[in-house]
Amino acid sequence: MLLKLRFLGAAGNVTGSRHLLEANGTRLLVDCGLYQERDLRERNWEPFPIPPASINAVLLTHAHLDHCGLLPKLVREGFKGKIYCTTATAEIAKIILLDSAKLLEEDAEHKLKRHKKEGRTGPYPVLPLYTTEDAEACFPLFEPVQYKQPIEINSSIEAAFYDAGHVLGSSIIKVKANYNGEERTILFSGDIGRPDKPFVCDPTVFEKADYILVESTYGDRIHHDTKN
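Cut-offs applied
- Residues numbered from 1 in each chain as written.
- Predicted model: local features only at pLDDT ≥ 70, side-chain atom pairs only at ≥ 80, totals over all residues.
- Heavy atoms only, no water.
- Helix = DSSP H or I, 4+ residues; strand = E, 2+ residues; numbered from the N terminus.
- Rg over C-alpha atoms; globule rule 2.2 N^0.38 Å.
- Buried < 20%, exposed > 50% of the residue type's maximum accessible area, 1.4 Å probe, protein only.
- Pairing = 2+ DSSP bridges.
- 1 Å grid on protein atoms, 1.4 Å probe; cavity = no way out; pocket = protein on both sides within 12 Å on 5 of 7 lines; lining within 4 Å.
- Points joined across faces, edges and corners; volume = space filled by probe spheres on them.
- Nonpolar A, V, L, I, M, F, W, Y, C, P; charged D, E, K, R; others polar.
- Phe/Tyr/Trp six-rings, centres within 6.5 Å; stacked < 30°, edge-to-face > 60°.
- Axes fitted to C-alpha atoms, helices over the stretch in contact; angles between N-to-C directions.
- Lys, Arg positive; Asp, Glu negative; His and termini not counted.
- Salt bridge = Lys/Arg side-chain N within 4 Å of Asp/Glu carboxyl O.
- Polar contact = N/O pair within 3.5 Å; in protein donor to acceptor, adjacent residues only side chain to side chain.

(A) Molecular detail of the overall build of the chain. A count of helices and strands for the chain gives 4 helices and 11 strands. Against the compact-globule benchmark of 17 Å for 228 residues, the chain has a radius of gyration of 19 Å, which places it among compact chains. Referenced to the eigenvectors of the C-alpha coordinate spread, the extents of the chain come out at roughly 65 × 50 × 30 Å. Expressed as a percentage of the 228 residues in the chain, the buried residues total 45%.

(B) Structural context of the pairing of strand β8 (residues 157–163). With respect to burial, β8 is a largely interior element, 6 of its 7 residues being buried. Pairing analysis gives 3 bridges linking strand β7 (residues 151–154) to β8, with the strands arranged antiparallel. What sits directly across from Glu152, in β8, is Glu158. Hairpin connection, β7 to β8: the antiparallel pair is bridged by 2 residues. Relative to strand β9 (residues 171–179), β8 runs antiparallel, the two being bridged by 7 bridges. Of the residues in β9, the one forming a bridge with Tyr162 is Ile172.

(C) Focus on the layout of surface pockets. Considered as a void within the structure, the second largest pocket measures approximately 390 Å³ in volume. Together, 19 residues line the second largest pocket, and Ala10, His19, Val214, Glu215 and Ser216 are the ones closest to its centre. Each residue belonging to the lining of the second largest pocket can be placed in one class, and the counts come to 7 nonpolar, 8 polar and 4 charged.

(D) Unusual backbone geometry, seen in detail. The backbone of Asp31 sits at a positive phi, close to 70 degrees, despite the residue not being glycine. In this fold, Asp31 is placed in the loop between β3 (26–30) and β4 (57–59). Asp31 sits in the buried class, given a relative accessible area of 2%.

(E) Representation of the packing of aromatic side chains. All chains considered together, the criterion is met by 1 aromatic pair. A ring pair is formed by Tyr162 and Phe206, whose centres lie 5.1 Å apart and whose planes are at 80 degrees; its orientation type is edge-to-face. Of the two residues, Tyr162 is situated in strand β8 and Phe206 in the loop between β10 (182–188) and β11 (211–213); the sequence distance between them amounts to 44 residues. On the basis of relative accessibility, which here comes to 24%, the residue Phe206 falls in the partly exposed class.

(F) Quick peek at the sheet that holds strand β1 (residues 3–7). Spatial ordering of the open sheet is given by β1-β2-β3-β4-β5-β6, a layout of 6 strands whose pairing is mixed. Edge positions in the open sheet fall to β1 and β6 (142–145), since each of these has one partner strand only. Across the sheet, the mean angle from the axis of one strand to that of its neighbour is 25 degrees, orientation sign disregarded. Here β1 runs beside strand β2 (residues 19–23); their pairing, made up of 5 bridges, is antiparallel. Among the inter-strand pairings, Leu3 is bridged to a residue of β2, identified as Ala23.

(G) Here's a closer look at the side chain of Asp31. Here Asp31 sits buried without a salt bridge, and the closest side chain of opposite charge, Arg18, lies 10.0 Å off (N-O distance). Reaching out from Asp31, the side chain makes a polar contact with the side chain of His67 at a distance of 2.7 Å.

(H) Molecular detail of the pattern of salt bridges. Tallied over the full model, the rule gives 9 salt bridges. Here Glu91 and Lys94 are joined by a salt bridge, their closest N and O atoms 3.7 Å apart. Here Glu91 and its partner Lys94 are both found in helix α3 (residues 87–118), 3 residues apart, which amounts to about one turn of the helix. Residues joined in a network through salt bridges with shared partners are Lys73, Arg76, Glu77 and Asp134.

This is the structure:
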């Protein structure tokens, strides 16, 4: 069995989550997030490390911008597969992507006016990273799934979504890959919430997996009981 994992974002920084899993010739992109740190925003304009058209599917853990915010760019540049996520994530992501596109368009418009007023031209064309039309082009690709219900990506790969307890619709994604009688299980935690919170279920506890990618943004801190 051939498994390859590439970290395309959120490695050495917090935002821009993108993880590429290649299993038996199938390419799965787990999250497609926007870089939001001020000194890393230029990375959003860089070409994707692999052709978007070569990606078979996107698995989306949740709808925060640093996990879904580059989907319009991915689709505009050639991705045509399905975007699997929970129903709540799909609905929230549509709102967030439209809002992001509107802000990007407004920022470009204001920058263009400022350049004109100052009588100067920047080194690059003043364009939004993506438009409202680009965001809307993503919507037909969303494929809502139910928690704990495995979906078949192809004959040798399946994925299932489990509660992450982070925000409404957030998920830990379990991917199973089978090849010639060998099976491997990979967990992608996304962002993990805390137990005993209103509106969202507690994070799922797993007993085993072959490989685990776990969020560690606050992994070096002791979290005190919020009831105190």
